[in-house]
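Read off the chains here:
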Amino acid sequence: MHSPIVLSPPSPSQSLFTKKRASLSQLPPLASAASYLSAVHEADVRARNHGITPTSTPALSVSSSISSSSEDTVLNESDDNSGLIYPHTPPTSEQVFNTVHSEFGHCANQSYRCVSQHNSEKPVSEHEVDEPPYYILFTTYFSYLILIIFGHLRDFFGKRFAKSYFTHLMPHDGYAPLNSDFDSFYTRRLKRRMDNCFSQPVTGVAGRTILTYDRYSKDYNYTQIYPGTKTRALNISSYNYLGFAQARGGCADAVEESIKRYGVSTYGTRLEGGSCDLHQVAESLVARFVGMGDALISSMGFATNSAFIPALVGKGCLVISDEFNHASIRVGVRQSGAHVRMFKHNDMKRLEGLLREVISQGQPKTHRPWKKILVIVEGLYSMEGTMVNLPRIIELKKKYKFYLFIDEAHSVGALGPHGRGVTDYFNISPRSVDILMGTFTKSFGASGGYIAGRKSLIDSLRLRGHGGPYAEAMTPPVLTQVVSSMASIMGVTPPPVTSPLKTPLALTTPTANGVSLARTVDNYIHPGMAPSSALPTWLSLPSSQLDGSEARERIRRLAFNSRYLHAGLNKLGFITCGHPFSPIVPLMIFNPGKLGAFSNMMRERSTPIVVVVVGYPATPLVSSRVRFCVSAAHTKDDIDMVLRACDEVGNVLDLKHGHGERWSVEEVMKRSVELVNSF
């Protein structure tokens, strides 16, 4: 780690991005340290082959990674670096940092770190969401009323005087209309007006920053016009929790090597069961990572739930589901044919009452005992940012003897001192849970999903789950990304130097009945490092990833950024929801008309910020929100920038309705470490 370098702070008007390029002669004289960092940046540009990722604005500088108090300064980025002359040979980025600053922010200040772990001395409590003033709810409902009245009037007169625009809603030549005007009303009258906030086309890596294609509309988003320009913006909208979405680094090098060895598809390298050797390596590593007996992987996260839940339950079984569970869980439960009961989100009293009722009453009409009761919850809920009360559910599980299924799509890798998910966060043995499901699309920078559990259960799912015989296998490059990123989080033990007769500890052992079951928790140390024998021999990772130090830094940075943004927004007066350690930070907007305004105002700043806005039907009617997605790739200065932007936009749109003491944005930024430790 390099020693801190103090740079003079930039002026308040200075931005991470510029609209026009400046020549070297126009730059103000910089200190030698800044010149050195500029040389590092220019070396990065040349290493990316002169424009592989073209931008209309310069990438973020590395000054914030070294200085603990200054914001990022703008460094010149030129398309042609051949004529640049430096007083010394500029170093490559690998000599200072092994990632590009625009993809992963460099932050050397150890004060901006935090450990994601539950305090066992305190009870599990949820963050209470403040209620907005009544006039906010009244104006929200009134805006929907205006939308409905004027929308139906436009439909009524449009069908008679502008039929060419309503052909899809009217019978034509004996055919029924393609769409129902009632069912498509919300889409046509509200969502289309905000379509510029959704499905934004991007190019390149969705890391710390993101490169978006500019577009505009002259007909209220009925069509989009692309002028061909691009804009680089600060990315606070991607599920890149640990920052593994990188085009350079150890994982990217491993993926490149796998392409040379396997190609880009699985054809030609398939074994029995439609998989290659990398599938077996990945499944074994996933089982070690989550602390289960075995695991299977699927090429699509949504299909992991929708295709394998029907293999777990069927007719005569009962599924008890949290009301905010993901759509993939709902689809899978419907396909299973099992009976479904829902309980209020994260309400353990309602869950226990429901368990008493269903166990005492049995199946409808016949009152026979249920064949199986499966409780399905999520570790971290994507729209609310709330965390499951796992200790309480484990207590209920021991008392009422049901099976527990936890969807850790958003929690695995993002929670816990070792990044192992909610069981790691609460320091609970993963063997206390029957089924752990997760995806590789968030924390691991890949795609697909997994299900982990007992060896006998996973063997059954391989045969009975629809994802086994019908789904397409994951490609070797994706598998390599999974293996390399997961191994870097776990750390890799060096090859053993003891007697060759000793073998690594196996995760499973056969029983007398010939059924392979998981070993007891006493024989499995969780979390543990991955043995070098569990990885492909050709896989080579940097030393910082092999010993797990880089991943530990990422996990602690993510925890700090999450708590800082939560606490900062609350102190500024906003209403937020979710757990303080959740990387998903929802900021309540309520009025749907403010969603588009918030998104556009954030994008139109001197430093564009890309955010995600969410409204009905993904949320309740009056619970529209902005959903920030924090990443370990963000620096403390990036969170400062988001807080400052929210403070200014919130004043304009009247969004500050939270209770409690309010601070100025300058005080929040100055006392960030104190705020995180006390939140």
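Attention in this report is confined to the structure presented alongside it. In this text the structure is predicted, and so the values were computed from the model without any measurement. (Residues numbered from 1 in each chain as written. Predicted model: local features only at pLDDT ≥ 70, side-chain atom pairs only at ≥ 80, totals over all residues. Heavy atoms only, no water.)

The next thing to look at is the sheet that holds strand β10 (residues 449–453). Taken in spatial order, the seven strands of this open sheet run β4-β10-β9-β8-β7-β5-β6, and their pairing is mixed. Edge positions in the open sheet fall to β4 (294–298) and β6 (339–343), since each of these has one partner strand only. Along the sheet, successive strands turn relative to each other by an average axial angle of 20°, direction set aside. By the bridge criterion, five bridges tie strand β7 (residues 372–378) to strand β8 (residues 403–407) in an arrangement that is parallel. Paired with E378 across the strands is D407, a residue of β8. Helix-sheet contacts for helix α6 (residues 277–290) involve β4, β9 (435–439) and β10, and the interaxial angle to β4 is about 125°. Here helix α10 (residues 390–400) sits on the sheet and contacts β7 and β8; the angle it forms with β8, its principal contact strand, is near 160°. (Pairing = 2+ DSSP bridges. Helix = DSSP H or I, 4+ residues; strand = E, 2+ residues; numbered from the N terminus. Axes fitted to C-alpha atoms, helices over the stretch in contact; angles between N-to-C directions. Contact = heavy atoms within 4.5 Å.)

For the structure shown, the criterion picks out 13 aromatic pairs. A centroid spacing of 6.4 Å and a plane angle of 20° characterise the contact between F157 and F161, whose relative ring orientation is stacked. Linking F157 with F161, this pair stays in helix α3 (residues 134–161), spanning four residues, or about one helical turn. Since its relative accessible area comes to 43%, F157 is described here as partly exposed. Look at F161 and you get exposed, because its relative accessible area is 70%. It is R554 that lies over the ring of F244; its NZ or CZ is 4.5 Å from the centre. Sitting above the plane of the F581 ring, R563 keeps its charged end 4.4 Å from the centroid. (Phe/Tyr/Trp six-rings, centres within 6.5 Å; stacked < 30°, edge-to-face > 60°. Buried < 20%, exposed > 50% of the residue type's maximum accessible area, 1.4 Å probe, protein only. Lys NZ or Arg CZ within 6 Å of the ring centre and 35° of its normal.)

This part is about the packing of helix α15 (residues 549–572) against helix α17 (residues 636–653). One way to put it is that α15 packs onto α17 with a least axis distance of 10 Å and a crossing angle of 25°. Relative to α17, the element α15 is oriented roughly parallel. Read as a crossing pair, α15 and α17 show a hand that is right-handed. Listed contacts from α17 to F560, N561, Y564, L565, G568, L569 and L572 of α15 are K636, I639, D640, V642, L643, C646 and D647. Taken together, the residues of the contact of α15 with α17 sort by class into nine nonpolar, two polar and three charged. (Parallel < 35°, antiparallel > 145°, perpendicular 65-115°, else oblique. Left-handed = near helix turned anticlockwise from the far one by under 90°. Nonpolar A, V, L, I, M, F, W, Y, C, P; charged D, E, K, R; others polar.)

Taken in spatial order, the four strands make up an open sheet running β1-β2-β3-β16, and their pairing is mixed. Edge strands, defined here as strands with exactly one partner in the open sheet, are β1 (202–203) and β16 (609–610). Direction of pairing for β1 relative to strand β2 (residues 209–213): antiparallel, over a ladder of two bridges. Across the sheet, residue T203 finds its bridge partner in β2, namely L211.

Helix α13 (residues 476–490) packs onto helix α5 (residues 250–262) with a crossing angle of 145° between their chain directions and a minimal axis gap of 8 Å. Remark: the crossing between α5 and α13 carries right-handed chirality. Counting all contacts with α5, which are made through C251, A254, V255, S258, I259 and Y262, the residues of α13 involved are P476, P477, T480, Q481, S484 and S485. Considering only residue class, the contact of α5 with α13 consists of seven nonpolar, five polar and no charged.

Let's shift gears to the nonpolar core. Formed by 124 residues in total, the largest nonpolar core has its most connected members in I320, L404, F440, F598 and F628. Considering each element in turn, this core owes the most residues, ten residues, to α15. Beyond its immediate stretch of four places on either side in the chain, I320 contacts R341, F343, L351, L354, L355, V358, I373, L374, V375 and I376. Grouped together as the second largest cluster of nonpolar side chains are 21 residues, F308, A338, I376 and I451 included. (Core = buried A, V, L, I, M, F, W, Y, C linked by side-chain atoms within 4.5 Å.)

What follows concerns unusual backbone geometry. Residue P617 follows Y616 across a cis peptide bond; omega there is 10°. Structurally, P617 is set in the loop between β17 (612–614) and β18 (624–629). The phi dihedral of K365 is positive, around 70°, even though this residue is not glycine. You can see K365 is positioned in the loop between α9 (348–361) and β7.

So, about the side chain of T212. Inspection of the secondary structure puts T212 in strand β2. Its relative accessible area of 1% is what places T212 among the buried residues. T212 has contacts with Q200, P201, V202, T229, K230, T231, R603 and V610, leaving out every residue within four places of it along the chain.

This model, assessed by the stated rule, comprises 27 salt bridges. Overlapping salt bridges bring together E283, D294, K455, D459 and R462 as one network. (Salt bridge = Lys/Arg side-chain N within 4 Å of Asp/Glu carboxyl O.)

Bringing the pairing of β7 into the picture now. Of all seven residues that make up β7, six are buried, and the element is covered over most of its length. Where strand β5 (residues 317–322) meets β7, five bridges bridge the pair, whose relative direction is parallel. From the neighbouring strand, C317 faces β7, where its bridge partner is K372. After leaving β7, the chain enters α10 and then returns to the sheet as β8, a path that is right-handed. (Right-handed = clockwise from strand over helix to strand, strands pointing away.)

Turning to α6, a few remarks are in order. Taking 1.5 Å as the rise per residue, α6 with 14 residues should run 20 Å; its terminal C-alpha atoms sit 21 Å apart, in good agreement. Most of α6 is tucked away, with ten of its 14 residues classed as buried. Three or more residues of α6 are buried, namely L278, H279, A282, E283, L285, V286, A287, R288, F289 and V290. Of the residues one or two after α6, G291 is the one with positive phi, at around 80°. (Expected span 1.5 Å × (residues − 1).)

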